[in-house]
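# Examination of the molecular architecture
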Amino acid sequence: MKRPFPYFVKVLYTLLFIILFGACSSSHRPVEELLEKAESMIWTQPDSSLVLLESIRTPHELTGKEQVDYALLLSQAMYRCFKPAPSDSLINVAVSYYRQKGGADKAGLSLYLKGGIWRNDLKDRSKAVLAYKEAESYIPQMKDKRVVGRIYTDLAYINKEDGNFQLAGHYYQKAYSIHQQENDTVMMASNVVNLTTVYLVSHQPDSVNWCMDRMREFVSAVGDTTLIHDMYLNMGTVYKYSGQYRQAENMFCKAWSLKPHNPSLKVLVNLASLYHETDQAEKSDSLFKQLVELPDVFVRSSA
C-alpha cells in the first residue's frame, strides 16, 4: 500500500528539523532535546519519531536516564512502525529501570512493549503473557489510558487466540471502555471487530447485535481501509450465519471492493460458500476455481 503524501511531508520536515539544528550549533544537539521531541511525536508520527531516534549517532555512549529513555522510545517507535525487534535486550533496559525506580506509566508501557515483542517478533506466547500480566498489575496506578487500553486489547487477543472467549470478551470490553474515554475511534472499532467473533463463537446474539450497530457507525467514521474491510467482512459473516444472504453478499462485495486486485481469502471463501448454499453454482464454482488456482499451497489443499 502506498503511503499518503502527508507521510513524506512529515518525514521531510523531521529531516529538515535535524539538519537545521546541526547548522545552528557547533556541537551536537543535546540528546535530551532529541528524546523529548521524539516522545512528543511517538503516538501521532511514529515514523518521524523513529527518524529522530536513529539520528543519534552514538547511542551506545548514553548513560543513566537518557539511556533508558532512548531504549524505551526506540522500542516503541519500532513497534508502532512494525519493525521487528531481534531480541528483547533493548526494551529490557527500560523494564529493569522502571521496575526498580517506579513510575507506573513507563513501567506498564515497557512491559506492554516487551509482551508485544515476544508475541509478534520472537514468537514466544508464554513469555508474552507473563509480560502482559505484569503490565496489567500497574494499571491501577497508570494515568496514560492509551497504554492501558492497549494492554487490555493485547490480553484480549491472546485469550481469543487460545480459545478463552469469556476472558477475551472481558478484556475487549475493558479496552473498548478505555478507548471510548479517549475518543479513539480506530481502537474502538478494532475492539468491536474482535468482539464480534468472540460473541459469535460464544452464542451471544444480543451482544452480536450490539457489535453490528457499532460497526455500522464506525465504518463511515474511520479512515483505515483494512479496518473498514474487516468490519464489512464481519458484518457479512453475521448476516450469513443468520440466513440473511442478500445482506451478507452485499457486505462481502463491499469488502472485496476495497481490495479489488488482491481480495482476502476470507472474502473469497465466504462468498463461494454463500453462493453454494444459495444454489448459485456458476458463481460458486468460479470463486472456488480462483481459490484453487492461488499459488498458496495451504489454500490449494484447503480448497
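Residues numbered from 1 in each chain as written. Predicted model: local features only at pLDDT ≥ 70, side-chain atom pairs only at ≥ 80, totals over all residues. Heavy atoms only, no water.

### With respect to the overall build of the protein
A tally of helices and strands in the protein yields 16 helices and 0 strands. Per-residue burial over the protein gives 44% buried out of 303 residues. Expressed as a percentage of contacts within the protein between residues at least 6 apart in sequence, the contacts between residues at least 24 apart total 54%. Here the protein displays about 16600 Å² of accessible surface, and carbon together with sulfur accounts for 54% of that area. (Helix = DSSP H or I, 4+ residues; strand = E, 2+ residues; numbered from the N terminus. Buried < 20%, exposed > 50% of the residue type's maximum accessible area, 1.4 Å probe, protein only. Contact = heavy atoms within 4.5 Å. Areas by Shrake-Rupley, 256 points an atom, 1.4 Å probe, with all protein chains shown as cover.)

### Topic: helix H8 (residues 145-161)
Taking 1.5 Å per residue, 17 residues should reach 24 Å; H8 reaches 24 Å between its end C-alpha atoms and fits that length. Counting buried residues in H8 gives 13 out of 17 residues, a clear majority hidden from the surface. Looking one or two residues beyond H8, the residue adopting positive phi is Gly 163, at roughly 80°. (Expected span 1.5 Å × (residues − 1).)

### Quick look at the layout of surface pockets
Reported here for the second largest pocket is a volume of approximately 440 Å³. In terms of residue count, the dominant contributor to the lining of the second largest pocket is helix H12 (residues 225-241) (7 residues). Partitioned by chemical class, the residues of the lining of the second largest pocket number 6 nonpolar, 7 polar and 4 charged. (1 Å grid on protein atoms, 1.4 Å probe; cavity = no way out; pocket = protein on both sides within 12 Å on 5 of 7 lines; lining within 4 Å. Points joined across faces, edges and corners; volume = space filled by probe spheres on them. Nonpolar A, V, L, I, M, F, W, Y, C, P; charged D, E, K, R; others polar.)

### Re the environment of Ile 178
In this fold, Ile 178 is placed in helix H9 (residues 165-181). We classify Ile 178 as buried; its relative accessible area is 9%. Considered as a pair, Ile 178 and Val 148 are 30 residues apart in the sequence and their alpha carbons are 7.4 Å apart. Excluding anything up to four places from it in sequence, Ile 178 contacts Lys 145, Val 148, Gly 149 and Tyr 152.

### Brief notes about the pattern of salt bridges
Pairs may arise between side chains of opposite charge once their charged atoms sit close together. As enumerated under the stated definition, the model contains 15 salt bridges in all. Taking the shortest distance from any N to any O, the salt bridge between Asp 69 and Lys 65 comes out at 2.9 Å. Taken together, the residues Asp 69 and Lys 65, both in helix H4 (residues 64-80) and 4 residues apart, mark about one turn of the helix. Between Lys 133 and Glu 136 there is a salt bridge, with the nearest N and O atoms lying 2.8 Å from each other. Of this pair, Lys 133 and Glu 136 both sit in helix H7 (residues 125-137), 3 residues apart, which is roughly one turn of that helix. For Lys 133, a relative accessible area of 39% puts it in the partly exposed group. (Salt bridge = Lys/Arg side-chain N within 4 Å of Asp/Glu carboxyl O.)

### Some details on the side chain of His 179
Note that His 179 resides in helix H9. The class of His 179 is buried, set by a relative accessible area of 1%. Not counting the four nearest positions on each side in its chain, His 179 is found in contact with Arg 146, Gly 149, Arg 150, Thr 153, Asp 184, Met 187, Met 188 and Asn 191.

### Remarks on the nonpolar core
Leu 53, Met 142, Ile 151 and Met 231 are the most contacted members of the largest nonpolar core, which totals 87 residues. Those residues in contact with Leu 53, other than ones at most four positions away along the chain, are Leu 35, Ala 38, Tyr 70, Leu 73, Leu 74 and Ala 77. (Core = buried A, V, L, I, M, F, W, Y, C linked by side-chain atoms within 4.5 Å.)

### Describing the packing of aromatic side chains
Inspection of every chain in the model, using the stated rule, returns 5 aromatic pairs. Summarising the aromatic geometry, the rings of Tyr 176 and Trp 210 are spaced 5.3 Å apart at their centres and angled 75° between planes, so their arrangement reads as edge-to-face. Residue Tyr 176 is found in helix H9, and its partner Trp 210 is found in helix H11 (residues 205-218); the two are separated by 34 residues along the sequence. Classification of Tyr 176 by relative accessible area gives buried; the value is 8%. (Phe/Tyr/Trp six-rings, centres within 6.5 Å; stacked < 30°, edge-to-face > 60°.)

### Concerning the environment of Lys 65
Classification of Lys 65 as partly exposed rests on a relative accessible area of 40%. Excluding anything up to four places from it in sequence, Lys 65 contacts Tyr 97 and Tyr 98.

### A few points about H7
Between its first and last C-alpha atoms H7 spans 18 Å; for 13 residues at 1.5 Å apiece the expected length is 18 Å, and the two agree. Listed in full, the buried residues belonging to H7 are Ala 128, Ala 131, Tyr 132, Ala 135 and Glu 136. One face of H7 carries all of its buried residues, which in axial projection span an arc of 140°. Where H7 is buried, its residues contact H4, helix H6 (104-121), H8 and H9. (Arc of directions from axis to C-beta.)

### With respect to the packing of helix H5 (residues 89-101) against H6
If you want to describe how two helices pack, look at the angle between their axes and the distance between the axes. Close contact between H5 and H6 brings their axes to 9 Å; oriented N to C, the two are set at 145°. For the crossing formed where H5 meets H6, the hand is left-handed. Across from Ile 91, Asn 92, Ala 94, Val 95, Tyr 98 and Arg 99 in H5, the residues of H6 making contact are Lys 106, Ala 107, Ser 110, Leu 111, Leu 113, Lys 114 and Ile 117. Of the residues belonging to the contact of H5 with H6, the class tally is 8 nonpolar, 2 polar and 3 charged. (Axes fitted to C-alpha atoms, helices over the stretch in contact; angles between N-to-C directions. Left-handed = near helix turned anticlockwise from the far one by under 90°.)

### Examining the packing of helix H3 (residues 46-54) against H4
Where H3 contacts H4, the two axes come as close as 9 Å, and the packing angle between them is 140°. Put simply, H3 runs oblique to H4. In this structure, H3 meets H4 at a crossing whose hand is left-handed. Taken together, the residues of H4 that come into contact with H3 (itself represented by Pro 46, Ser 49, Leu 50 and Leu 53) are Tyr 70, Leu 73, Leu 74, Ala 77, Met 78 and Arg 80. Residue composition of the contact of H3 with H4, by class: 8 nonpolar, 1 polar and 1 charged. (Parallel < 35°, antiparallel > 145°, perpendicular 65-115°, else oblique.)

Don't take any of this as a statement about function, it's just geometry.
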